[in-house]
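# What the coordinates show
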Amino acid sequence: MYCMKETILYVVVPCYNEEACLKETSRLLKNKLASLVKTGVISKNSKIVFVDDGSKDATWKIIEGLDGPIVGVKLAHNRGHQNALLAGLMYAKERADAIISMDADLQDDIEAMDKFLQKFREENCEIVYGVRSERKTDTAFKRNTALAFYKIMRKLGAETVYNHADYRLMSKRALDELSGYQEVNLFLRGIIPTIGLKTAEVKYVRNERFAGESKYPLKKMMGFAWDGITSFSVKPIRIILAVGIIVSVISLLVLLYALIVNMLGQAVSGWTFIICSIWLLGGIQMFSIGLIGEYVGKIYAETKRRPRYIIEKIVERNKPL
Ligand code: UDP
Ligand code: MG
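Below you will find a few notes about this structure. Here the structure is a predicted model, which means the values were calculated and not measured.

Within the chain one finds 10 helices and seven strands. The C-alpha radius of gyration computed for the chain amounts to 26 Å, which surpasses the reference 20 Å derived for 321 residues by more than 25%, pointing to a less compact arrangement than a globule. Overall size of the chain, expressed as C-alpha extent along the three principal axes, is 95 × 70 × 35 Å. Relative to its full complement of 321 residues, the chain shows a buried share of 43%. Residue pairs in contact within the chain that sit at least 24 positions apart in sequence constitute 78% of those at least 6 positions apart. Carbon together with sulfur atoms contributes 60% to the accessible area of the chain, which is approximately 18200 Å² in total.

Six octahedral donors around a metal ideally make angles of 90 or 180 degrees; four tetrahedral donors ideally make 109.5 degrees. The protein atoms that coordinate the magnesium ion (ligand 2) are Asp105 (OD) and Gln107 (OE1), at distances spanning 1.9 to 2.0 Å. With respect to class, Asp105 is no different from Gln107; both count as buried.

Right, let's get into the pattern of salt bridges. Inspection of every chain in the model, using the stated rule, returns 16 salt bridges. Where Arg238 meets Glu294, a salt bridge forms, and the shortest distance between an N and an O atom there is 2.6 Å. One end of the pair, Arg238, is in helix α9 (residues 235-263); the other, Glu294, is in helix α10 (residues 271-303), and 56 residues separate them in sequence. Looking at Arg238, the relative accessible area reads 41%, which means it is partly exposed. Exposure remark for Glu294: the relative accessible area of 16% places this residue in the buried category.

About the criteria used
- Residues numbered from 1 in each chain as written.
- Chains lettered and ligands numbered in written order.
- Predicted model: local features only at pLDDT ≥ 70, side-chain atom pairs only at ≥ 80, totals over all residues.
- Heavy atoms only, no water.
- Helix = DSSP H or I, 4+ residues; strand = E, 2+ residues; numbered from the N terminus.
- Rg over C-alpha atoms; globule rule 2.2 N^0.38 Å.
- Buried < 20%, exposed > 50% of the residue type's maximum accessible area, 1.4 Å probe, protein only.
- Contact = heavy atoms within 4.5 Å.
- Areas by Shrake-Rupley, 256 points an atom, 1.4 Å probe, with all protein chains shown as cover.
- Donors = N, O, S within 2.8 Å, 3.2 Å for Na, K, Ca; no water.
- Salt bridge = Lys/Arg side-chain N within 4 Å of Asp/Glu carboxyl O.

Below, the structure written as structure tokens:
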């Protein structure tokens, strides 16, 4: 009979002030894992990892009181969603074959996990992205700002998966590669696509938050977007450089114009000199800032110490000559 090894699955859930959701989330996750164990998909040693991201409410108390296959990881301080998630992922990768990350608020459809695991087990995918098929439950404002963000990111040259948040499955292998990324400004959605390896997407419908309110108010969301852009792209610097060049070119036109005005005798004495200097100097200054920025951008890329390559496979044929 065809029999596949059961996968040890760890589900990682970052939690910040989630006292209102946690019990329900853990109940549903436990049920889900139990049914996956029953059908022989995952191993009995699978677990749920709740990472408390320095919550100020009863979150940690609730985690400590949960029973079942549960691990609690408590961060000493609020470090933000991405860092909390990374802490959980790095803990889990030492113990699991596959790791699914999801939010604590049950917005991500738990039932999509079956398909995640199917892609992992049957198609050998190392990374499976959960992609929202629609965003009906988000407010129009959140939906539009989020979509604009994905578009800007793409224009600026960072690879992101459209409409994918942090609901995804990663294999131990993919997480080992991720641990090679040493950067402090963490934007997982941008980093993970740069790993490569075999990937797949699974569509799901995003629900409304089960309880409590979003831990991403506008200010945090903008900070997140800004981090995403500045961590992945030196294009803003290039824009300065380009503007500098354009202004320098315009200064030549201004020079021409000023000379004509001067020749026609309509200029106040000294005006030609001043107006030409302003444009030329402005252009040169912007160009210089952009040039310095290029070096700063290179230094920035160096300090991140990202892996320069990731080998997917090596094939060696040992046939004797
Ligand atoms: N979260 C976190 N640390 C933070 C902010 C949020 O761990 O500083 C967690 C939060 O508990 C949730 C997930 O990140 O599990 C996503 O947050 P939320 O659902 O509030 O974001 P939204 O879905 O509104 O974008
Ligand atoms: Mg949410």
